[in-house]
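Letter by letter, the chains look like this.
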Amino acid sequence: MADQNKKEDLQIAGMTEQEAAGLRVSDFDFDFVPKEDKEKCSEIRTFIERHEWLGKLPIWVTHRFTARLKSNGTLAGTIILATPNSFSNLLGEENKNREKLIARGACISWSPKNLGSWLIMKSLRWMVKHTEFRYFTAYSDPEAKELGTIYQACNFIYLGQKFGAGNQYLDPDNPDRGWFGSSGFNDRSQIVRYAKGLGIEWKKEWFKFVGAKKNIRKINWQMMPKDIADRIKQERVAHRKRCLSRPAPPKHKYCYILGGSKQETKKLNKLFKKHNPDKLGLSYPENRGE
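Since this is a predicted model, take the numbers as computed values, not measurements.

The rules behind these values
Residues numbered from 1 in each chain as written. Predicted model: local features only at pLDDT ≥ 70, side-chain atom pairs only at ≥ 80, totals over all residues. Heavy atoms only, no water. Helix = DSSP H or I, 4+ residues; strand = E, 2+ residues; numbered from the N terminus. Buried < 20%, exposed > 50% of the residue type's maximum accessible area, 1.4 Å probe, protein only. Contact = heavy atoms within 4.5 Å. 1 Å grid on protein atoms, 1.4 Å probe; cavity = no way out; pocket = protein on both sides within 12 Å on 5 of 7 lines; lining within 4 Å. Points joined across faces, edges and corners; volume = space filled by probe spheres on them. Nonpolar A, V, L, I, M, F, W, Y, C, P; charged D, E, K, R; others polar. Core = buried A, V, L, I, M, F, W, Y, C linked by side-chain atoms within 4.5 Å. Phe/Tyr/Trp six-rings, centres within 6.5 Å; stacked < 30°, edge-to-face > 60°. Lys NZ or Arg CZ within 6 Å of the ring centre and 35° of its normal. Pairing = 2+ DSSP bridges. Expected span 1.5 Å × (residues − 1). Arc of directions from axis to C-beta.

**Q** Which parts of the structure should I look at to understand the environment of E205?
**A** Tracing the backbone shows E205 in the loop between α6 (188–197) and β9 (207–210). E205 gets classed as partly exposed once you look at its relative accessible area, which sits at 39%. Beyond its immediate stretch of four places on either side in the chain, E205 contacts N220 and M223.

**Q** Help me understand the layout of surface pockets in this model?
**A** Rolling a probe over the atoms, with the probe sized like a water molecule, indicates the empty space that remains. There is about 270 Å³ of room inside the second largest pocket. In terms of lining residues, the second largest pocket is bounded by 14 residues, among which W60, S183, N186, D187 and K218 are the most central. Elements with a contribution of two residues or more to the lining of the second largest pocket: α6 and β10 (216–219). Partitioning the lining of the second largest pocket into residue classes produces 5 nonpolar, 4 polar and 5 charged.

**Q** I'm lost on the nonpolar core in this one. Help?
**A** One broad rule of soluble globular proteins: the nonpolar side chains tend to lie buried together. Of all hydrophobic cores here, the largest spans 41 residues; its most connected members are M15, I102, W110, I120 and F156. It is helix α4 (residues 115–130) that contributes the most residues to this core, 8 residues altogether. Residues within four places of F156 in sequence aside, it is in contact with I102, I120, M121, L124, F136, Y151, Y254, C255, Y256 and Y284. Core analysis: the second largest hydrophobic core is formed by 16 residues, Y169, F185, I200 and I219 among them.

**Q** Help me understand the packing of aromatic side chains in this model?
**A** One pair of aromatic rings is described through two measures. These are the centre distance and the angle between the planes. Applying the stated criterion across every chain yields a total of 16 aromatic pairs. Judged by centre distance (5.6 Å) and plane angle (10 degrees), the ring pair of F30 and F65 falls under stacked. In this pair, F30 is assigned in strand β1 (residues 28–33) and F65 in strand β2 (residues 61–69), connecting sequence segments 35 residues apart. Of the aromatic side chains, those joined through ring pairs into one cluster are Y151, F156, Y158, Y254, Y256 and Y284. Between R177 and the ring centre of F180, over which it is positioned, the NZ or CZ distance is 3.8 Å. The ring of W179 carries R246 above its face, with NZ or CZ at 4.0 Å from the centroid.

**Q** How should I be thinking about the pairing of strand β3 (residues 75–82) in this particular structure?
**A** For a regular strand, side chains alternate in direction, first toward one face of the sheet and then toward the other. Counted residue by residue, β3 has 8 buried out of 8 residues, so it is predominantly covered. Examined bridge by bridge, β2 and β3 share 7 bridges and lie antiparallel to one another. Residue pairing in the sheet places T66 in a bridge with T78 of β3. Joining the antiparallel neighbours β2 and β3 is a turn of 5 residues, in which G73 adopts a positive phi near 80 degrees.

**Q** Looking at this model, I keep getting lost on helix α3 (residues 38–51). Mind explaining?
**A** A turn of α-helix holds 3.6 residues, and therefore any two residues three or four places apart point the same way. Compared with an ideal rise of 1.5 Å per residue, which puts 14 residues at 20 Å, α3 spans 20 Å between its outermost C-alpha atoms and is within 8% of the ideal. All of the buried residues along α3 are C41, I44, F47, I48 and H51. For α3, the angular spread of buried residues about the axis comes to 115 degrees, placing them on one side. Along α3, exposed side chains directed more than 90 degrees from the buried face belong to K38 and E39. Those residues of α3 that are buried are in contact with α1 (2–13), β1, β2, β3 and β4 (99–107).

Written out as C-alpha cells, the structure is:
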C-alpha cells in the first residue's frame, strides 16, 4: 500500500523523495485526539481507509493518537486503541479491565521507518500517565504477510499464533464492508441494523453500559421482549447463512505491560508470569509464510 500511495502522498505533502528521505522522528509532533474533535477524528478515519490494510475503523474505539509533520501539520501516522472484543485476562481476571487493544495503526508512505514504533510507545506512555490501563494487546495478520515486526522492535511479549476467528465472512449485499470475523454478526451496530430491517423501533433501554467507567455500550438482551429478541437473533442466523465464508489463518498476538513506575511494571510482570507460564520465553516469529 505504501508503494501504491507514495507518489500521490509526496505530491499532497509538497515534498520530493530526497526531502522525505531526510526526515527524522524529531520532525514530527505527537498528539492525543479526543473524540469530541470531530474534524480530526474524520481525518483519522480517512487516513486509515487509505493507508491501513483493513481499510476501516474497528468497533469500540476509545483513544486516537497522531504524528504530524512539524513544518506543515501533515498527518503522517495514527494509532487507534479500542476495547477488546473479549478480555485476555493476562494479569488475572481482577485486572481484565486494565487491558486496551491496539486495534489499528498506519504511517504514511514517506514517513521514516521508525515513526511507527515511536508513535506506539508515545501512545502507550500517554495511556499509562492519563488512564488506568496497564497492558496493551495487538494482533498481526498472516493474511497481510504481517509478523508483528513493529511490536518486536518495541519489545512486546509474543503470545503465539492461535488467535482469531476460525472463519471470515463476506456479505454479498454489502461487499464494501469486506471480510469480517464471526464477531461481526454480534456488533452493537449490526444488531441495531437487524432490528431496523425488521421494522422494529429500537428502545434506549435495550442498551447497557459496562466497563470500569460504565462507558462501553452493549446490547441488553434481558431488557428486550422475548419475541423481539428471538426475531432479531433469527435474522442474525439468516444473515450468517447468506454470507460467503472462508477459513481464516490464526493471528499472531503480542502484549506490552507498562506501569506508572518501575515498581508497578515489575509487579505487573510478576502477575503475567504467574498467570501465563505457557507463554514465557516464546520466540518471535520469522517466517511470513506463503
